[in-house]
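Each chain is listed here by its residues.
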Amino acid sequence: QVQLLESGGGSAQPGGSLRLSCAASRSIRSFNAMDWYRQAPGKQRELVAGILRDDSTNYADSVKGRFTISRDNAKNTMYLQMNSLKPEDTAGYYCHATIRILDTSRDYWGQGTQVTVSS
């Protein structure tokens, strides 16, 4: 089984920064895509940022210019640098990875790490 483990969550004040990490139990070069999702209480889970094998990235409009997704293949780890945090960023953040084989895909999820932004 593929294991994904998030870390780096915690509390921050508005305008502050946090860096989330997602460590994988296998080479992340094998993943076609890796993503960060978040879910706040009473709200739908939403895609925050994603990165593909060619290192192309995409971001939710709400975090563009503030968050940066990256990965370190040597460490088998994906990161989400979060700057200029806002209270509305408060949510559980989840690491996600996809492996595509022909016309099917396999999805893997971490257990999540909590981010709380408040004064």
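Quick look at the structure, then. As the structure is a computational prediction, the values presented were derived from the model and not from experiment.

1. Let's talk about the sheet that holds strand β1 (residues 4-7)
And then number 1: With antiparallel pairing, the 4 strands of this open sheet are ordered in space as β1-β3-β8-β7. Two strands in the sheet have a free side with no partner beyond their single neighbour: β1 and β7 (67-72). Across the sheet, the axes of successive neighbouring strands diverge by a mean angle of 15°, strand direction being ignored.
And then number 2: Pairing of β7 with strand β8 (residues 77-82), which is carried by 6 bridges, proceeds in the antiparallel orientation. Note that in β8 the partner of aspartate 72 across the bridge is threonine 77.

2. Comments concerning the packing of aromatic side chains
And then number 1: Applying the stated rule across the entire model yields 1 aromatic pair.
And then number 2: A cation over a ring is seen here: arginine 45 above tyrosine 94, with NZ or CZ 4.1 Å from the ring centre.
And then number 3: Directly above the ring of tryptophan 109 sits arginine 45, whose terminal nitrogen or CZ lies 4.8 Å from the centroid.

3. A look at the side chain of arginine 66
And then number 1: Considering the arrangement of structural elements, one finds arginine 66 in the loop between β6 (57-59) and β7.
And then number 2: Given a relative accessible area of 10%, arginine 66 falls into the buried group.
And then number 3: Apart from the residues within four sequence positions on either side, arginine 66 is in contact with Gln81, Met82, Asn83, Ser84, Leu85, Lys86 and Asp89.

4. Digging into unusual backbone geometry
And then number 1: If you check the backbone angles, asparagine 76 has positive phi at about 55° while not being a glycine.
And then number 2: If you trace the backbone, asparagine 76 turns up in the loop between β7 and β8.
And then number 3: A positive phi angle is found at leucine 102, which is not glycine, with a value near 55°.
And then number 4: Within the secondary structure layout, leucine 102 lies in the loop between β9 (91-101) and β10 (104-109).

5. Some points on the state of the cysteines
And then number 1: Going through the model one piece at a time under the given rule, you end up with 1 disulfide.
And then number 2: Here cysteine 22 engages in a disulfide with cysteine 95; their sulfurs sit 1.9 Å apart. Here the S-S torsion is close to -75°, and the disulfide linking cysteine 22 with cysteine 95 is therefore left-handed. Of this pair, cysteine 22 sits in strand β3 (residues 18-24) while cysteine 95 is found in strand β9, placing the two residues 73 residues apart along the sequence.
And then number 3: Accessibility expressed as a relative area gives 0% for cysteine 22, which makes it buried.

Parameters and conventions
Per-chain numbering applies: the sequence of each chain, read as written, is numbered from 1 onward. Reporting of local features is limited, given that this is a predicted model, to residues whose pLDDT is at least 70; pairs of side-chain atoms are given and counted only at 80 or more, and all residues count toward the totals for whole chains, interfaces and linings. For side-chain calculations, the full set of non-hydrogen atoms in the structure is used, while hydrogens and water are omitted. For two strands to be treated as a pair, DSSP must find no fewer than two bridges joining them. Secondary structure counts use DSSP, requiring at least four H or I residues in a row for a helix and at least two E residues in a row for a strand, with both numbered from the N terminus. Simply put, an axis is a line fit to the C-alpha atoms, just over the touching stretch for a helix, and the angle between two N-to-C directions goes from 0 to 180 degrees. Stacked, tilted and edge-to-face pairs are distinguished by plane angle, under 30 degrees for stacked and over 60 for edge-to-face with tilted covering the rest, among Phe, Tyr and Trp rings (Trp via its six-membered ring) whose centres lie within 6.5 Å. In this scheme, Lys NZ or Arg CZ marks a charge over a ring once it lies within 6 Å of the ring centre and within 35 degrees of the ring normal. For each residue, the accessible area found with a 1.4 Å probe, counting protein chains only, is set against the maximum for its type, and the residue is called buried under 20%, exposed over 50%, and partly exposed in between. Residue contacts are counted whenever heavy atoms from the two residues lie within 4.5 Å of one another. For this text, the term disulfide refers to a pair of cysteine sulfurs within 2.5 Å.

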